[in-house]
Amino acid sequence: MIEINEALGQIHKVLNDFCGLNDMSFRYTKDTMLSSALPIEQKDQKYYMYMDGNAGTAIVEYNADEQKIRLLGSSEQNAAVEDCKQLSLWLLEPSVHDEKDVKSIANDFLESMESNFSAAKAKDLSKVKIPKAVSKNQAKSGVASYDAQTLCNRFVMLYPEYKDDLKQNLLDYDELLAADFSEKYIAPKMLEVLNTGDEKEQKKFFMMLSDVYEDGLNEVQDLIAVVIMSKMDNNPAYLEIADKYMSDYMKPTIHQINKIMVSSAGARYKEKMKNPPPYKPKKQKSGGLMAKLMGGGQQGLNNQ
């Protein structure tokens, strides 16, 4: 067994070393902290440790009622708990767990901190090279199919203001995390385009998606259908606009995904997309979200 203050103290020691090397520091508020030696704040049955830096905010939260401890994070500085997303979650029962268990939790939190808040990621974006995309000639001749990199590249060609965001994505993950980029930038841009009423802009955007979808790998079709176009939430006005530019091959899937995503089953998938597990490099391929939604009729996000 282990006392909760002792457990939090061990976690603090591990994360404090990381903070010292990565321009972060523990938030200390004299009036709310339990101890002058350990930056723990208690609110009812919850205990908190806050870390702030140029890369954002990290928060360790222990819920004594649920006996769960989690690491939360936000790219915003001095963010509150409700503004952060979950990066890691563990059970922590002081009457059962010991120092070895706490060490495992601390090391996992450290890995998540390194993935999300490492100062080493703050490099010169001008030196980051965006990988080449599959060309239109390659796709139309059948030599290659459009991939996720092609989708993102085509997007920043239309909207150069997002070029640095794509470079930052490549830098943050040491590879393209296309679902993350699509969720943060392409999907919101789609909704913006839909609401402008600018038909020329709408045609440009949806023709790009349609072209990539038509000659794309299953992974990029998943991204377009589930991560991006499902954000239309089955809005008839939005679908009417998209229908003008989607191919007959594409339309049935987009309409079906939109219907599913406004159902109770879709609500669960939306919640999962809002709170994804912490990023870790892929070790093996697995079935994707569209395959699950469509009952196995499509290949997964990671299949090629």
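Above: the structure in question.
Residues numbered from 1 in each chain as written. Predicted model: local features only at pLDDT ≥ 70, side-chain atom pairs only at ≥ 80, totals over all residues. Heavy atoms only, no water.

Section: unusual backbone geometry
Phi at D233 takes a positive value of approximately 55°, unusual for a residue other than glycine. Residue D233 is classed as partly exposed on the basis of its relative accessible area, which comes to 39%. A positive phi angle, near 60°, is found at N234, a position not held by glycine. (Buried < 20%, exposed > 50% of the residue type's maximum accessible area, 1.4 Å probe, protein only.)

Describing the pattern of salt bridges
Pairs may arise between side chains of opposite charge once their charged atoms sit close together. One pass over the full model with this rule turns up ten salt bridges. Residue K140 pairs with D211 through a salt bridge whose shortest N-O separation is 3.2 Å. Pair noted here: K140 is in helix α3 (residues 136–141) and D211 is in helix α7 (residues 199–214), with a separation of 71 residues, a long-range link. We classify D211 as buried; its relative accessible area is 14%. In this structure, the salt-bridge partner of K189 is E192, at a minimum N-O distance of 2.9 Å. Taken together, the residues span about one helical turn, with K189 and E192 both in helix α6 (residues 178–196) at a distance of three residues. Several salt bridges share partner residues, and in doing so they unite K140, R154, D211 and D215 into one network. (Salt bridge = Lys/Arg side-chain N within 4 Å of Asp/Glu carboxyl O. Helix = DSSP H or I, 4+ residues; strand = E, 2+ residues; numbered from the N terminus.)

So, the packing of aromatic side chains
The geometry of an aromatic ring pair is captured by two quantities: the separation of the ring centres and the angle between the planes. Per the stated rule, a full pass over the model turns up ten aromatic pairs. Geometrically, the ring pair formed by F155 and F181 is edge-to-face, given 6.0 Å between the ring centres and 75° between the ring planes. Placement of the pair is F155 in helix α4 (residues 148–158) and F181 in helix α6, with a sequence separation of 26 residues. Relative accessible area serves as the criterion here: at 0%, F181 is assigned to the buried category. On the numbers, 5.8 Å between centres and 55° between planes, the contact of Y213 with Y249 is tilted. On the criterion of sequence distance, the pair formed by Y213 in helix α7 and Y249 in the loop between α9 (236–243) and α10 (251–261) is long-range, its members being 36 residues apart. An aromatic cluster is built from F155, Y159, Y162, F181, Y185, F205 and F206, whose rings are joined through pairwise contacts. (Phe/Tyr/Trp six-rings, centres within 6.5 Å; stacked < 30°, edge-to-face > 60°.)

Digging into helix α1 (residues 4–21)
For α1, with 18 residues, the first-to-last C-alpha span of 26 Å sits near the 26 Å given by 1.5 Å per residue. The inward-facing, buried residues of α1 contact β1 (24–26), β3 (46–53), β4 (56–63), β5 (68–74) and α2 (99–117). Two residues or fewer past α1, D23 is found with a positive phi of approximately 55°. (Expected span 1.5 Å × (residues − 1). Contact = heavy atoms within 4.5 Å.)

Regarding the pairing of β4
Among the eight residues in β4, eight count as buried, and that is most of the element. Counted between consecutive antiparallel strands, the loop separating β3 from β4 contains two residues. In terms of strand pairing, β4 meets β5 through seven bridges, oriented antiparallel. Residue Y62 lies in a different strand from β5, and its bridge partner there is I69. What sits between the antiparallel neighbours β4 and β5 is a turn of four residues, in which Q67 has the positive phi angle 55°. (Pairing = 2+ DSSP bridges.)

By themselves, these are just geometric observations and shouldn't be taken as functional.
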